[in-house]
Amino acid sequence: MQSKIEIGQRIRHLREAQGYSREQLAEILNISPRFCYDIELGKKGMSMETLCNLSQALNVSTDYILLGTVHKKGSYSDGTDPEAFEALIQSCPDDKRIHLENIITSYLKALRA
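Worth saying up front: this structure is predicted, and the values here are computed from it rather than measured.

### Details of the overall build of the protein
Then step 1. Looking only at helices and strands, one finds seven helices and zero strands in the protein.
Then step 2. Start at the N end of the protein and walk to the C end: the helices and strands fall as α-α-α-α-α-α-α.
Then step 3. Contacts in the protein between residues far apart in sequence, at least 24 positions, make up 46% of those at least 6 positions apart.
Then step 4. Per element, the accessible surface of the protein, about 7,400 Å² overall, is 55% carbon and sulfur.

As structure tokens, then:
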């Protein structure tokens, strides 16, 4: 497992990428904004319940929150993880995600040509 600071940085990045304020995320998790802030700074840990709720709120696995990667049999042949890739796409703002999807689609078409 990574340090609380690394975990907190990952949580903050995911929260910001999905457009949540710290107060909004804290409300979803039923914790105080200060506690959310302390988690993001790596000053405090969290309960399993908060970790699970955080995973659901940010649409990522608990493995991704804790480790930065997902270790499961569904990995791509190059070792990258489809769930981590999906989390990156989902972390893009909605108005930019369609552009990213178009870029990926065009790239894949070019590879097949």
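### Looking at the environment of tyrosine 64
Then step 1. Looking at where tyrosine 64 falls in the secondary structure, it is placed in helix α5 (residues 62-67).
Then step 2. Placed 54 residues apart in sequence, tyrosine 64 and arginine 10 show a C-alpha to C-alpha distance of 8.7 Å.

### Digging into the pattern of salt bridges
Then step 1. Evaluation of the coordinates by the stated rule reveals six salt bridges.
Then step 2. Arginine 34 serves as the salt-bridge partner of aspartate 38, at 3.2 Å between the closest nitrogen and oxygen. In this pair, aspartate 38 and arginine 34 both sit in helix α3 (residues 33-41), four residues apart, roughly one turn of the helix.
Then step 3. For aspartate 38, a relative accessible area of 6% gives the class buried.
Then step 4. Within this structure, Arg12, Arg15, Glu16, Arg22 and Glu40 form a network of salt bridges that share partners.

### A look at the packing of helix α2 (residues 22-29) against helix α4 (residues 48-58)
Then step 1. Between α2 and α4, the least distance of the axes is 9 Å, while the angle of their chain directions is 125°. What the angle tells us is that α2 and α4 run oblique. Here α2 and α4 pass one another in a crossing that is right-handed. Here Leu25, Ile28 and Leu29 of α2 come into contact with α4, specifically with Thr50, Asn53, Leu54, Ala57 and Leu58.
Then step 2. Each residue belonging to the contact of α2 with α4 can be placed in one class, and the counts come to six nonpolar, two polar and no charged.

### Side note on helix α1 (residues 4-17)
Then step 1. The terminal C-alpha atoms of α1, which comprises 14 residues, lie 20 Å apart, in line with the 20 Å expected from a rise of 1.5 Å per residue.
Then step 2. On its buried face, α1 sits against α2, α3, α4 and α5.
Then step 3. Positive phi shows up at glycine 19, right after α1, with a value of about 80°.

### Quick word on the nonpolar core
For soluble globular proteins, nonpolar side chains are generally found buried alongside one another.
Then step 1. Of all hydrophobic cores here, the largest spans 17 residues; its most connected members are Ile11, Leu25, Leu54, Leu58, Val60 and Ile65.
Then step 2. Residue assignment for this core shows that the elements contributing at least two residues are α1, α2, α3, α4 and α5.
Then step 3. For this core, the element with the highest residue contribution is α4, accounting for four residues.
Then step 4. When residues no more than four places from it in sequence are discounted, the contact partners of isoleucine 65 are Ile7, Arg10, Ile11, Leu51, Leu54, Ser55 and Val60.

Calculation criteria
- Residues numbered from 1 in each chain as written.
- Predicted model: local features only at pLDDT ≥ 70, side-chain atom pairs only at ≥ 80, totals over all residues.
- Heavy atoms only, no water.
- Helix = DSSP H or I, 4+ residues; strand = E, 2+ residues; numbered from the N terminus.
- Contact = heavy atoms within 4.5 Å.
- Areas by Shrake-Rupley, 256 points an atom, 1.4 Å probe, with all protein chains shown as cover.
- Salt bridge = Lys/Arg side-chain N within 4 Å of Asp/Glu carboxyl O.
- Buried < 20%, exposed > 50% of the residue type's maximum accessible area, 1.4 Å probe, protein only.
- Axes fitted to C-alpha atoms, helices over the stretch in contact; angles between N-to-C directions.
- Parallel < 35°, antiparallel > 145°, perpendicular 65-115°, else oblique.
- Left-handed = near helix turned anticlockwise from the far one by under 90°.
- Nonpolar A, V, L, I, M, F, W, Y, C, P; charged D, E, K, R; others polar.
- Expected span 1.5 Å × (residues − 1).
- Core = buried A, V, L, I, M, F, W, Y, C linked by side-chain atoms within 4.5 Å.

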